[in-house]
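Here are the chains, one letter per residue:
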Amino acid sequence: MAAQRRWKISAIIWTGIAAGVVASVLFAPLITLGWCSDADETGTSECGSAQQSVLGIETNVWIWLGALAIIAIVTAVAARSVRRHARGDDHPAPRSLPR
C-alpha cells in the first residue's frame, strides 16, 4: 500500500512539474516587442511595447506567476488528498472536550 501511495504522489508531482513547464512555454514573457507611430504634429506620436511568450501569446510576468501558483496549489492539494486518503484521515475521530 505504501509503495502504491508513493507512486500516486510521485505521479501527481511529475504531472504538476509538466504542467508548470507547459504554463511556462505558454505564458513566460520571453520576447518584448516595441512599436512607435510617428506623427507630423508635435506631441502626437505614440510608442508602446508588449511581451510575448515563445508561442507568440501576449502575456506578462503576473499571468505567468499566477498560472504557476495555481498549478502549485492544485498539485499540493492533490498530493495531500492522496496521502490523507491512504492514511484513513478522511473522517478523523471526534475529540473529547477538555474538562
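Residues numbered from 1 in each chain as written. Predicted model: local features only at pLDDT ≥ 70, side-chain atom pairs only at ≥ 80, totals over all residues. Heavy atoms only, no water.

A. Looking closely at the overall build of the chain. Helices and strands together make up the secondary structure of the chain, namely 2 helices and 3 strands. Taking all 99 residues of the chain together, the buried fraction comes to 12%. Put simply, of all contacts in the chain between residues at least 6 apart along the chain, 56% involve residues at least 24 apart. (Helix = DSSP H or I, 4+ residues; strand = E, 2+ residues; numbered from the N terminus. Buried < 20%, exposed > 50% of the residue type's maximum accessible area, 1.4 Å probe, protein only. Contact = heavy atoms within 4.5 Å.)

B. Layout of the side chain of threonine 75. Mapped onto the elements of the fold, threonine 75 is located in helix H2 (residues 61-87). The class for threonine 75 is buried, based on a relative accessible area of 17%. If we ignore the near neighbours within four places in the chain, the residues touching threonine 75 are Ile12, Ile13 and Gly16.

C. Representation of helix H1 (residues 2-27). Between the first and last C-alpha of H1 there are 37 Å, a value that for 26 residues agrees with the 38 Å anticipated at 1.5 Å per step. Looking at H1, one finds that the buried residues are Ile9, Ile12, Gly16, Gly20 and Ala23. (Expected span 1.5 Å × (residues − 1).)

D. Main features of the state of the cysteines. This structure, assessed with the given rule, holds 1 disulfide. Between the sulfur atoms of cysteine 36 and its disulfide partner cysteine 47 the distance amounts to 2.0 Å. Between cysteine 36 and cysteine 47 the disulfide shows an S-S torsion of about 110°. By sign, it is right-handed. Here cysteine 47 lies in strand E2 (residues 46-52) and cysteine 36 lies in strand E1 (residues 31-37), a separation of 11 residues in the sequence. The residues cysteine 36 and cysteine 47 share a single accessibility class, namely exposed. (Disulfide = S-S within 2.5 Å.)

E. Structural context of the environment of threonine 15. Structurally, the position occupied by threonine 15 is in helix H1. For threonine 15, a relative accessible area of 53% translates into the label exposed. Separated by 56 residues in the primary sequence, threonine 15 and isoleucine 71 have C-alpha atoms spaced 9.7 Å apart.

F. Molecular detail of a nonpolar patch on the surface. Nonpolar side chains collect at one region of the surface, where Ile13, Trp14, Ile17, Val21, Val25, Leu30, Ile31, Leu33, Val54, Leu55 and Ile57 lie side by side and expose about 1000 Å² of accessible area between them. Put simply, the parts of the chain that give the nonpolar patch at least two residues each are H1 and E1. Here the nonpolar patch takes 5 residues from H1, the largest share from any one element. Relative to the helices and strands, isoleucine 31 is located in strand E1. You can call isoleucine 31 partly exposed: its relative accessible area is 34%. (Patch = residues over 30% accessible without salt bridge, like charges linked within 9 Å, V, L, I, M, F, W, Y side chains within 5 Å. Areas by Shrake-Rupley, 256 points an atom, 1.4 Å probe, with all protein chains shown as cover. Salt bridge = Lys/Arg side-chain N within 4 Å of Asp/Glu carboxyl O.)

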